[in-house]
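A structural walkthrough
Now for the letters of each chain:
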Amino acid sequence: MRKLSLRIRGRALGLTAALVVGAVALAGPATAAPVAAKGAHQRTQEALDGLVAAGMPGVAAQTSSPDGEWFGSAGHADTKTKTKRTDRDHIRAGSITKTFVTTVILQLEAEGKLCLDDSVERWLPGLLKGNGYDGNKVTLRQLLNHTSGIHDMVETPEWNAYMNGPGFLEHRYEYRSPEQIVAMGLKYPPYWAPGTAWHYSNTNFVIAGMVIEKVTGNAWAREAEKRIVKPLGLRQTTFPGTDPTMPAPHPVGYSKLYAANPGPEIYDATEYNPAWSGATGEMISTTGDLNRFFGALLGGRLFPKKQLDAMLTTVPAEDGTNNDVPFDYGLGLIVRSLPCGVKVYGHDGIVWGSLTSTAVTRDGKHALTFQINGDWLDSTKPYNDVFRGEFCPK
């Protein structure tokens, strides 16, 4: 859930980065193989190799386009056993969960059950009150595009004590309710008045999940399963709730625990209670499922054009202009502007031991998802080289 402006440091529930084609269900996890012209993904593979050369334990990537699917990897899923990465790997998708939550809210708007410009107070009366907060002045739209000004719970001393460094090892299996997570952020005043600036805040999406439950009477995850996962046949995508385990197969999640001054020690952070992430970063998926989802999303198959236009309406991102690949932020969506003039749409997700990113072209036909099973990358270049390699191959 941390933000990856790739300042690559922790900001969300593990999201260090700010970051399907086709709605036909797969019969099962198939192995993707190169079907395009020889060498078509050479630069993408070189970028994956570059991530391992930069110190990451392993990385897997899958693409989908009219030319077919391609899978590439580098490094290992388990550095002790030297197990290779595969396209069947289950991965913690982190803040890519935010795009699913946004999709549910936009579907609810299309059904007339809420409006993006509804106030948080309308749906969750009294939640934002005092300490500089006024729920009447914060809209659902501002939650989804991170212009609410609400303090990010990940940027609090409490979060740092509980879930970073040694605190993670002590508290990783504990439970915190959405209300407790939100309260952690609201203990601190807003960054600024709602709608006046952009700041990535995971608290926004914990609140968005609470809104979905208030509107529908169902947990946000159940709505996402009913509205997105099942219709698109995303058979390997789950919302684990409080289950700390990962379905097989999966890579080991190697982490330096977002310690303030990390040493050389690397820990196995594969398991933890995902309730710490919830609606801002709980999801488990695969590279193929995420490609299919974003292809359907940008292809206009999940809600009407009015809602898609709203999602694609961006605001300047706090760190977007300082990144070697500039980006803006829509509603639960990162829009990257690549040096070859191509724009790609997706999201990043970083949780402990995992950095995942998906990007797709505007027509939804060319998708890329890659996941690194390590969380301490200290430079944006090798990360952004994957986007450049796939979408700007010449």
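Residues numbered from 1 in each chain as written. Predicted model: local features only at pLDDT ≥ 70, side-chain atom pairs only at ≥ 80, totals over all residues. Heavy atoms only, no water.

Brief notes about the overall build of the protein chain
Just so we agree on the cut-off: Helical segments are the DSSP runs of H or I of at least four residues, strand segments are the runs of E of at least two, and each set is numbered from the N terminus. Burial classification: accessible surface area is computed with a 1.4 Å probe over protein chains only, and a residue below 20% of its type maximum counts as buried, one above 50% as exposed, and the rest as partly exposed. All accessibility values rest on the Shrake-Rupley procedure with a 1.4 Å probe; residue burial counts only the protein chains present in the view.
Helix and strand counts for the protein chain come out as twelve helices and 15 strands. Expressed as a percentage of the 394 residues in the protein chain, the buried residues total 60%. Here the protein chain has roughly 14,400 Å² of accessible surface; of this, 53% comes from carbon and sulfur atoms.

As for the pairing of strand E13 (residues 343-351)
The test is simple: Two strands qualify as a pair provided DSSP detects at least 2 bridges between them.
Most of E13 is tucked away, with eight of its nine residues classed as buried. Where strand E12 (residues 334-337) meets E13, four bridges bridge the pair, whose relative direction is antiparallel. Each bridged residue has a counterpart across the sheet, and for Val-335 the counterpart in E13 is Tyr-345. Here E12 folds back onto E13, and the loop between the two strands holds five residues, one of which, Gly-341, carries a positive phi near 95°. Inspection of the sheet shows E13 paired to strand E14 (residues 354-361) by eight bridges, in the antiparallel sense. By the bridge assignment for E14, Ile-350 is matched with Leu-355. Counted between consecutive antiparallel strands, the loop separating E13 from E14 contains two residues, among which Gly-353 sits at a positive phi close to 80°.

Focus on the nonpolar core
Our working definition: Residues belong to a common nonpolar core when they are buried Ala, Val, Leu, Ile, Met, Phe, Trp, Tyr or Cys residues joined through side-chain atoms within 4.5 Å.
Grouped together as the largest cluster of nonpolar side chains are 105 residues, with contacts concentrated most on Phe-100, Trp-159, Ile-207, Phe-293, Leu-297, Trp-352 and Phe-370. At eight residues, the largest contribution of residues to this core is made by helix H8 (residues 202-216).

Notes on empty space enclosed by the protein
Condition: Points on a 1 Å grid over protein atoms alone make up a cavity when a 1.4 Å probe fits among them but cannot get out, and a pocket when they form an open set with protein on both sides within 12 Å along at least five of seven lines; lining residues each have an atom within 4 Å of a point. Grid points are joined across faces, edges and corners, and a volume is the space filled by probe spheres set on the points. Ten residues, namely Ala, Val, Leu, Ile, Met, Phe, Trp, Tyr, Cys and Pro, are considered nonpolar, four, namely Asp, Glu, Lys and Arg, are considered charged, and the remaining ones, Gly among them, are considered polar.
Estimates place the volume of the largest cavity at around 70 Å³. Lining the largest cavity are His-90, Ile-91, Arg-92, Met-246, Pro-251, Gly-253, Ala-269, Thr-270, Trp-352, Gly-353, Ser-354 and Gln-371. For the lining of the largest cavity, the per-class residue count stands at five nonpolar, six polar and one charged.

Points about the state of the cysteines
We apply this condition: Working definition: a disulfide is two cysteine sulfur atoms within 2.5 Å of each other.
Enumeration according to the criterion identifies one disulfide in this entry. Here Cys-340 connects covalently by a disulfide to Cys-392, the sulfurs 1.9 Å from one another. In this structure, the disulfide formed by Cys-340 and Cys-392 twists by about -60° around the S-S bond and is classed as left-handed. Remark: Cys-392 occurs in the segment after helix H12 (381-391) and Cys-340 occurs in the loop between E12 and E13; sequence separation between them is 52 residues. Judged by its relative accessible area of 42%, Cys-340 falls in the partly exposed class.

Observations regarding the sheet that holds strand E15 (residues 367-372)
Threshold: We call two residues contacting when some pair of their heavy atoms lies within 4.5 Å. In this description, a line fitted to the C-alpha atoms serves as the axis of each element, helices being fitted only across the stretch in contact, and the angle between N-to-C directions of two axes falls anywhere from 0 to 180 degrees.
Spatially, eight strands are ordered E3-E2-E15-E14-E13-E12-E11-E10 in an open sheet, and the strand pairing comes out antiparallel. In this open sheet, the two edge strands, each paired with only one partner strand, are strand E3 (68-75) and strand E10 (315-316). For E14 and E15, the ladder comprises six bridges, and the chain directions are antiparallel. Bridging from a neighbouring strand, Leu-355 pairs with Ile-372 of E15. Across the sheet, helix H1 (residues 42-53) is in contact with strand E2 (58-65), E3 and E15; its angle to E3 comes to roughly 25°. In this fold helix H10 (residues 287-298) packs onto E2, E13, E14 and E15, with an angle of close to 35° to the strand it touches most, E14.

Let's talk about the side chain of Thr-147
The cut-off we apply is this: The term polar contact refers here to a pair of N or O atoms within 3.5 Å; inside protein, the definition further demands a hydrogen-donor-capable atom paired with an acceptor-capable atom, and it admits residues adjacent in sequence only when both atoms are side-chain atoms.
Relative to the elements of secondary structure, Thr-147 occurs in the loop between helix H4 (140-144) and helix H5 (157-163). A polar contact of 2.6 Å, which involves the side chain of Thr-147, links it to the side chain of Asn-145. When residues no more than four places from it in sequence are discounted, the contact partners of Thr-147 are Gln-142, Pro-194, Gly-195, Thr-196, Ala-197, Trp-198 and Val-315.

What to know about the pattern of salt bridges
Rules: Salt-bridge detection follows one rule: a side-chain nitrogen of Lys or Arg within 4 Å of a carboxyl oxygen of Asp or Glu.
For the coordinates displayed, the defined rule picks out 16 salt bridges. A salt bridge links Arg-141 to Asp-117; the shortest N-O distance between them is 3.0 Å. Of this pair, Arg-141 sits in helix H4 while Asp-117 sits in the loop between helix H2 (97-110) and helix H3 (120-123), placing them 24 residues apart in sequence. Residue classification places Asp-117 among the partly exposed residues on the basis of a relative accessible area of 47%. Residue Glu-174 is joined to Arg-176 by a salt bridge in which the shortest nitrogen-to-oxygen separation is 3.1 Å. Shared partners join several salt bridges into a network, and the residues in it are Glu-111, Lys-113, Glu-223, Lys-226 and Arg-227.

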